[in-house]
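# Chains, contacts and geometry: an overview
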Amino acid sequence: MTYDAVIVGAGHNGLVTACYLARAGMKVCVVEKNDWIGGAAVSRELYPGFTYSNCSYVSSLFRPEIMRDLELSKHGLQILPYEGGAVFQQGGGYLGMFRDHDANRREFARHSRRDAEAYDIYARDILRFCRFIRPMLMRTPPDPSSFRPRDLAELMWLARQMGALSEGQRAEMVRFWTMSISDYLDEYFESPVIKGYLAVSAIIGTALGPMSPGSAYVLLHHYMGDVDGNVGAWGFARGGMGAITRALTASLQAAGGEVRTGSGVDRIAVRDGRATGVVLANGDEIAGRRVISNMDVKRTFLKHVEEKELPGDFVRRVKAFKIRGSSGKLNIALDAAPVFPALPEGAPMIRGDLHFTDSIERMERGYDDWKAGHYSRDPFQDVMIPTMIDPTMTPPGKHFMSCFVQYAPPKIEGRAWTDADRDGFRDTCLNQIESYSPGFKDRVLHVEVRTPRELEAEVGLTEGNIFQGELTFDQLLFNRPVPGYAQYRSPIRDLWMCGSSTHPGGGVMGAPGRNAAAEVLREAKLKPTMSDAYAVL
Amino acid sequence: MTNLTHFRTPLRHTPFHPRTASANRLNRWGPWAGCMTSLCYGDVDMEYTAIRNAASVYDLCPMVKYRVTGPDAADYLNRLMIRNAAKLPVGGVHYTAWCDDDGKLLDDGTLFRHGPEDYLICCQERHLPWLLDSAQGFDVQVAEITEEIAALSLQGPCSASVLAAAGLDVSALKPFRMARFPFAGGEITISRTGFTGDLGYELWMTPDQALPFWDHLFAAGAPWGIRPIGTDALDLARIEAGFIITNMDFVPAHQALREDRPRSPLEMGLGWMIDWEKGNFTGRRALLAEKAQGSEWALVGLDVPGNVSAEGSILYHDKKHEAGFVTAAAWSPALKASVAIAQVKARHAGGDNLWVEIYALRELQYVKLMLPVRVVERPFYNPARRRAMPPERV
């Protein structure tokens with residue numbers, strides 16, 4: 001049989017695309033190389049009784065319109081907001097972040113009275129940028145070189161968005177998009193630890209340091225989501241991040257779609273310039289009227305399509321696409337909750353994100369190691385214990401700890417990672433936690449260590465880049481992934497892209513998958529199955 | 001000189017007040033049935049999340065309670081209420097409602113049958129004169145015992161696990177059943193009931209058991225993140241569950257100033273409870289006539305596009321003609337949808353060409369929205385764990 005669409009990769013975007021197409025009546029099949037579904041929104045039990053969030057570990061960007069359209073609640077998805085966080089300072093102090101505005105202001109005032117009041121102005125300015133960018137997430141970028149009516153209309157729409165801003169705000173926006181987060185925060189704050197905390201969102205998943213130009217935009221990318229209307233807030237998926245892809249799979253199956261696990265795509269079949277299906281690694285051939293790749297743009301076109309089928313200029317640009325890995329991850333099963341003596345008894349921060357990097361300078365030194373081809377010797381870690389809120393991932397009293405670690409390069413001094421490198425990376429991270437939480441290491445039952453090597457081999461992310469390509473200004477909007485191909489299409493007819501390499505980029509957002517489905521349905525002249533993005537009032 | 005000081009403390013403190021007061025970080029209180037009630041302990045989002053994710057505790061003491069005893073208790077309640085109280089088995093609980101002679105609602109509530117001749121009515125409003133007057137000719141005693149019972153509602157997917165950790169094995173308790181359990185040399189009653197549409201239990205005790213039980217429950221529930229919740233979080237959960245509240249979704253006939261305000265059980269979506277076969281009951285004749293002629297109003301659940309709550313909004317047919325009004329609405333965190341409960345003129349109950357006009361307040365100015373709504377089933381949120389047997393253990 002011939003499917004209407006074969007989707008390569010059962011990550012969140014591939015599944016989102018599949019769900020929308022299946023709801024339009026298309027016969028769809030998702031193929032996945034691993035024995036499990038999820039891509040980078042995955043939860044596996046690697047220690048008996050403990051569910052992990054093996055890759056992505058928090059949710060905010062996942063569009064509520066998609067959850068509603070695809071009835072993910074009915075299929076078991078619950079997003080749980082979490083409570084603030086803390087940065088531990090060298091020397092025993094800490095900076096806490098609280099959900100309560102007044103508690104937060106008083107906490108900031110312990111470090112700087114000026115910064116405590118500046119925070120409201122900073123938050124207002126960031127929210128203004130969020131209001132500007134949010135309406136763009138669920139639209140196909142226009143092709144600025146095209147004169148087709150739809151592209152012209154979308155360009156006009158973009159121009160109107162810019163035109164609605166004051167001259168001062170337009171200038172601010174352009175400055176913000178191109179600045180380093182370090183320079184940007186210096187305009188508001190004086191406290192090193194407050195700046196250290198706020199800079200975090202600008203480096204996560206990015207091969208930039210906090211002093212690199214362009215890092216400020218990355219911060220916005222992490223702030224533009226929400227949990228039930230709290231813009232910039234983050235939460236956990238109940239049952240681990242795999243709950244998102246489990247719910248998507250259930251929704252897909254309810255709409256008649258299929259998922260085949262256990263064998264990945266060897267190559268995408270192309271005949272007379274059109275994609276006609278896929279050939280799996282196990283030799284199976286699956287015919288499809290169209291093939292939609294959830295793999296990143298490099299993996300799709302440099303590994304699974306024969307180069308002769310592609311225009312040279314396209315191949316050159318895909319090769320130049322920046323997708324440098326910058327992070328790793330430790331997933332830890334704990335026998336008991338860790339104790340952080342710096343925190344007051346009963347403080348809620350333990351239920352939020354915990355950091356040890358108490359200044360931008362320290363963060364930048366971690367990046368210096370990356371540039372030299374080594375993982376950070378004093379890494380930045382985003383430590384979360386979702387089981388402080390989610391009771392379903394471990395037995396009562398036991399905990400799962402997720403440690404996102406930066407920086408970790410795709411190669412160690414130009415050569416491949418070895419197991420010894422991986423162990424050294426692990427010990428560096430565990431020792432850092434131990435130094436703030438004595439006795440921590442004694443509570444460790446199991447550690448899953450993921451360097452860019454494991455992320456590429458297992459999840460399929462080229463160079464271990466979690467966003468399927470860096471979120472720098474040159475690789476956004478109509479330039480994502482490469483100029484001329486930002487509308488989810490490729491140079492090969494009926495071969496489409498739906499992953500985070502496409503607009504609006506990475507994070508567990510689902511918007512690339514939704515937008516790709518919208519384009520496929522438009523071309524197939526089928527009624528859209530997705531609702532419009534919520535209006536920003 | 002007497003030592004009465006009601007005028008200094010108009011709102012009664014419930015038996016749990018020492019604990020609820022110390023947990024209420026923001027001192028955010030509201031009056032409920034003459035009691036001081038926590039609206040929010042500190043973070044409404046986290047309190048709501050405890051209901052759907054872990055275990056939440058709500059102080060139920062202000063609920064008005066009447067005990068009905070005597071040989072004619074079942075007959076009396078069958079005359080008084082629309083549902084069949086005789087069919088309720090001992091150890092059972094059911095949701096019910098009662099009307100005046102015009103078939104208009106006086107209240108809804110839960111009826112607990114503790115013995116063949118021993119019932120407890122638990123409701124929102126006060127009805128003693130009506131209950132006593134209705135008892136004429138029946139061999140029953142009706143007593144107002146609100147302050148003799150202390151009660152907590154423990155709701156959430158971990159509630160059975162928490163009770164087990166507290167030494168209370170409720171695994172055999174089916175929805176709408178209750179049983180007695182030993183506690184500290186005495187006994188408490190646990191019913192598998194609640195107002196959240198989730199797995200949950202209500203815990204009934206004497207006021208002197210209140211504080212020791214609270215401490216015991218919170219110690220046992222700590223590994224599951226047990227949390228006291230205020231009325232704001234509960235109201236969100238009850239809207240998701242599609243439940244109505246007297247004086248919020250309808251005006252009880254005994255309080256209505258305007259004669260067009262009272263509603264019948266048929267108009268409020270409670271027709272399924274009426275036992276037409278059980279013999280005469282108050283309001284039966286009027287309800288039969290309404291059934292024959294058709295109701296004027298209907299209660300509907302609405303799915304509202306977008307992410308703005310439709311609280312307090314007016315509904316229109318074809319964007320022009322008033323068709324009804326929203327009585328409760330919220331952005332549902334569980335569903336990731338904007339939902340509403342509304343009264344509409346019965347001819348619009350199908351929802352065809354029905355619109356809601358929302359005034360969304362944004363930085364001191366209203367943004368006006370006119371959105372097409374869709375009539376959907378209630379409950380909006382209905383997880384399988386709500387009724388699962390044995391109850392989910394986490």
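In this text, all values refer to a predicted model and were calculated from it rather than measured experimentally.

### Side note on the overall build of chain A
Looking only at helices and strands, one finds 17 helices and 20 strands in chain A. The C-alpha radius of gyration computed for chain A amounts to 22 Å, which stays within 12% of the reference 24 Å derived for 537 residues, consistent with globular compactness. Expressed as lengths along the three principal axes of its C-alpha atoms, the size of chain A is roughly 65 × 55 × 45 Å. For chain A, with 537 residues in total, the buried portion stands at 61%.

### Notes on the overall build of chain B
Along its length, chain B carries eight helices and 20 strands. Projected onto its principal axes, the C-alpha coordinates of chain B cover approximately 65 × 55 × 55 Å. Counting over 394 residues, chain B shows a buried share of 57%. In chain B, once contacts between residues fewer than 6 apart in sequence are set aside, the share between residues at least 24 apart is 68%. In the form shown here, chain B has an accessible surface area of approximately 16900 Å², with 52% of it arising from carbon and sulfur atoms. Positive and negative charge centroids in chain B, built from 40 and 45 side chains respectively, lie 3 Å apart.

### As for a nonpolar patch on the surface
Residues and elements named next belong to chain B. Where nonpolar side chains cluster on the molecular surface, the patch consists of Tyr359, Leu361 and Tyr366 and spans about 360 Å² of accessible area. With respect to the helices and strands, tyrosine 366 occurs in strand E19 (residues 365-372). A residue is classified by how much of its surface remains accessible, and tyrosine 366, at 54% relative accessible area, is exposed.

### Thoughts on the interface of chain A and chain B
Taken together, the contact pairs 26 residues of chain A with 32 residues of chain B. Overall, the association of chain A and chain B removes approximately 2200 Å² of surface from exposure, summing both partners, and the carbon and sulfur fraction of that is 53%. By the criterion of area lost to chain B, the three top residues of chain A are Arg68(A), Asp228(A) and Leu537(A), representing 30% of everything that side buries. Between chain A and chain B we count five salt bridges in total. Here Glu83(A) makes a salt bridge to Arg227(B), at a shortest N to O gap of 3.2 Å. In this structure, the connection of chain A to chain B is made through 13 residue pairs in polar contact (both at pLDDT 80 or more). Listed by contribution, the elements that provide at least two residues to the side of chain A that touches chain B are helix H2 (64-69) and strand E4 (79-81) of chain A. Split into classes, the residues belonging to the side of chain A that touches chain B amount to 13 nonpolar, five polar and eight charged.

### Details of helix H16 (residues 452-459) of chain A
Think of an α-helix as turning once every 3.6 residues; residues three or four places apart then point the same way. Residue and element names in this part refer to chain A. When we look at burial in H16, the residues that qualify are Pro452, Glu454, Leu455 and Val459. Down the axis of H16, the buried set is contained in an arc of 160°. They therefore lie on one face. Where H16 is buried, its residues touch strand E15 (327-334), helix H15 (419-436) and strand E19 (444-450). Just past H16, the residue glycine 460 takes up positive phi, approximately 90°.

### A word on the sheet that holds strand E5 (residues 85-88) of chain A
Within a sheet, neighbouring strands are paired by backbone hydrogen bonds and run either parallel or antiparallel to one another. Residues and elements named next belong to chain A. Reading across from one edge, E6-E5-E16-E17-E18-E15-E19 is the order of the seven strands in this open sheet, with mixed pairing throughout. A single partner strand is all that each edge strand has here, and the edge strands are strand E6 (94-97) and E19. Strand-to-strand twist of the sheet, defined as the mean angle between neighbouring strand axes without regard to direction, takes the value 15°. As judged from the five bridges shared by strand E17 (residues 380-384) and strand E18 (residues 399-406), these two strands associate in the antiparallel manner. Residue pairing in the sheet places phenylalanine 380 in a bridge with glutamine 406 of E18. Where H15 meets the sheet, its contacts fall on E5, E15, E17, E18 and E19, and the angle it forms with E15 comes to roughly 60°.

### What to know about the packing of aromatic side chains
Note on aromatic pairs: each is described by the distance of the centres and the angle between the planes. All chains considered together, the criterion is met by 37 aromatic pairs over all chains. With 4.4 Å between their ring centres and 20° between their planes, Trp214(B) and Phe218(B) make a pair best called stacked. With a gap of four residues between them, Trp214(B) and Phe218(B) both fall in helix H6 (residues 210-221), about one helical turn apart. Phe218(B) matches Trp214(B) in its accessibility class, with the two residues each being buried. Among the aromatic side chains, those forming a connected cluster through ring pairs are Phe108(A), Tyr119(A), Tyr122(A), Phe129(A), Phe176(A), Tyr184(A), Tyr188(A) and Phe189(A). For Arg44(A), the ring lying beneath its charged end belongs to Trp36(A), and the centroid distance is 3.5 Å. Above the face of the Trp355(B) ring, Lys319(B) is positioned so that its terminal group lies 4.4 Å from the ring centre.

### A short note on the pattern of salt bridges
A side chain of one charge can pair with a side chain of the opposite charge if their charged atoms are brought near each other. In the structure shown here, the tally under the stated rule is 63 salt bridges over all chains. We note a salt bridge from Arg175(A) to Glu187(A), for which the minimum N-O separation is 2.7 Å. With Arg175(A) in helix H6 (residues 167-178) and Glu187(A) in the loop between helix H7 (181-186) and helix H8 (192-198), the pair connects residues that are 12 residues apart, well separated along the chain. Of the charged contacts, one joins Asp318(B) and Lys320(B) as a salt bridge, the two residues approaching to 3.1 Å between their closest N and O atoms. Look at Asp318(B) and you get partly exposed, because its relative accessible area is 31%. Here Lys320(B) falls in the exposed class, since its relative accessible area comes to 55%. Each of Asp419(A), Arg422(A), Asp423(A), Arg426(A), Asp427(A), Arg453(A) and Glu454(A) takes part in one network of salt bridges that share partners.

### Digging into the UniProt feature "domain: Amine oxidase" (unreviewed entry) in chain A
When the UniProt feature table is mapped to this numbering, "domain: Amine oxidase" (unreviewed entry) covers residues 14-521 of chain A. With 35% helix and 16% strand, residues 14-521 of chain A has end C-alpha atoms that lie 15 Å from one another.

### Re the pairing of strand E2 (residues 5-8) of chain A
Consecutive side chains along a regular strand alternate between the two faces of the sheet. Residue and element names in this part refer to chain A. Residues Ala5 and Ile7 point to one face of E2 and Val6 and Val8 to the other, with burial holding for every one of them. The pairing of E2 with strand E3 (residues 28-31) spans four bridges and is parallel. Paired with valine 8 across the strands is valine 31, a residue of E3. With helix H1 (residues 12-23) bridging E2 and its parallel neighbour E3, the resulting β-α-β unit is right-handed. Summarising the sheet, E2 and strand E14 (residues 291-293) pair through three bridges and their orientation is parallel. Residue pairing across strands places valine 6 opposite valine 291, the latter belonging to E14.

### Considering helix H3 (residues 101-111) of chain A
Residues and elements named next belong to chain A. Buried within H3 are the following residues: Asn104, Glu107 and Phe108. Buried residues of H3, viewed axially, fall in a sector of 100°; they line one side. Looking at the buried residues of H3, the elements they touch are E6, helix H4 (113-133) and H8. Capping the start of H3 is the job of one residue whose side-chain oxygen sits 3.0 Å from the backbone nitrogen of aspartate 102: aspartate 100.

### Some remarks on the nonpolar core
Nonpolar side chains tend toward joint burial in soluble globular proteins. Residue and element names in this part refer to chain A. Tyr122, Ile126, Phe176, Tyr184, Phe189, Leu198 and Leu220 are the most contacted members of the largest nonpolar core, which has 66 residues in total. Take this core: its biggest share by element is nine residues, from H4. Other than its neighbours up to four places away in sequence, tyrosine 122 contacts Tyr184, Leu185, Tyr188, Phe189, Leu198, Leu219 and Tyr223.

### Details of the UniProt feature "domain: Aminomethyltransferase C-terminal" (unreviewed entry) in chain B
When the UniProt feature table is mapped onto this chain numbering, "domain: Aminomethyltransferase C-terminal" (unreviewed entry) sits at residues 299-381 of chain B. Strand forms 61% of residues 299-381 of chain B and helix 0%; the C-alpha atoms that close the span are 17 Å apart.

### Regarding the environment of Arg44(A)
Residue and element names in this part refer to chain A. Summarising the element assignment, arginine 44 is placed in the loop between E3 and H2. Overall, arginine 44 belongs to the partly exposed group, its relative accessible area being 22%. Along the sequence, arginine 44 and threonine 245 sit 201 residues apart, while their C-alpha atoms lie 12 Å from each other. Contacts of arginine 44, omitting those with residues within four sequence positions, involve Trp36, Phe50, Thr51, Tyr52, Asn54 and Glu458.

### Observations regarding the UniProt feature "binding site: substrate" (unreviewed entry) in chain B
Residues and elements named next belong to chain B. Per the UniProt record, "binding site: substrate" (unreviewed entry) is annotated on Glu202. Positionally, glutamate 202 belongs in strand E12 (residues 200-205). With sequence-adjacent residues up to four places away left out, glutamate 202 is seen in contact with Leu60, Phe112, Leu152, Ser153, Thr189, Ile190, Ser191, Thr193 and Gly194.

### So, the pairing of strand E7 (residues 118-123) of chain B
Residues and elements named next belong to chain B. In terms of residue burial, E7 counts as a mostly covered element, since six of its six residues are buried. Side chains Asp118, Leu120 and Cys122 of E7 all project onto a buried face; the interleaved residues Tyr119, Ile121 and Cys123 project onto the opposite face, where all are buried too. Sheet topology note: the strand E6 (residues 105-115)/E7 ladder contains six bridges and is antiparallel. Bridging from a neighbouring strand, glycine 115 pairs with aspartate 118 of E7. Linking two consecutive strands that pair antiparallel, namely E6 and E7, is a turn of two residues.

### Description of the environment of Pro64(A)
Residue and element names in this part refer to chain A. In this fold, proline 64 is placed in helix H2. Since its relative accessible area comes to 7%, proline 64 is described here as buried. Between the alpha carbons of proline 64 and glycine 510 there is a distance of 9.7 Å; along the sequence they are 446 residues apart.

Parameters at a glance
- Residues numbered from 1 in each chain as written.
- Chains lettered and ligands numbered in written order.
- Predicted model: local features only at pLDDT ≥ 70, side-chain atom pairs only at ≥ 80, totals over all residues.
- Heavy atoms only, no water.
- Helix = DSSP H or I, 4+ residues; strand = E, 2+ residues; numbered from the N terminus.
- Rg over C-alpha atoms; globule rule 2.2 N^0.38 Å.
- Buried < 20%, exposed > 50% of the residue type's maximum accessible area, 1.4 Å probe, protein only.
- Contact = heavy atoms within 4.5 Å.
- Areas by Shrake-Rupley, 256 points an atom, 1.4 Å probe, with all protein chains shown as cover.
- Lys, Arg positive; Asp, Glu negative; His and termini not counted.
- Charge placed at Lys NZ, Arg CZ, Asp CG, Glu CD.
- Patch = residues over 30% accessible without salt bridge, like charges linked within 9 Å, V, L, I, M, F, W, Y side chains within 5 Å.
- Salt bridge = Lys/Arg side-chain N within 4 Å of Asp/Glu carboxyl O.
- Buried area = accessible area lost by both parts, 1.4 Å probe.
- Polar contact = N/O pair within 3.5 Å; in protein donor to acceptor, adjacent residues only side chain to side chain.
- Nonpolar A, V, L, I, M, F, W, Y, C, P; charged D, E, K, R; others polar.
- Arc of directions from axis to C-beta.
- Pairing = 2+ DSSP bridges.
- Axes fitted to C-alpha atoms, helices over the stretch in contact; angles between N-to-C directions.
- Phe/Tyr/Trp six-rings, centres within 6.5 Å; stacked < 30°, edge-to-face > 60°.
- Lys NZ or Arg CZ within 6 Å of the ring centre and 35° of its normal.
- UniProt positions renumbered as here; feature names shortened; annotations may be inferred.
- Right-handed = clockwise from strand over helix to strand, strands pointing away.
- Core = buried A, V, L, I, M, F, W, Y, C linked by side-chain atoms within 4.5 Å.

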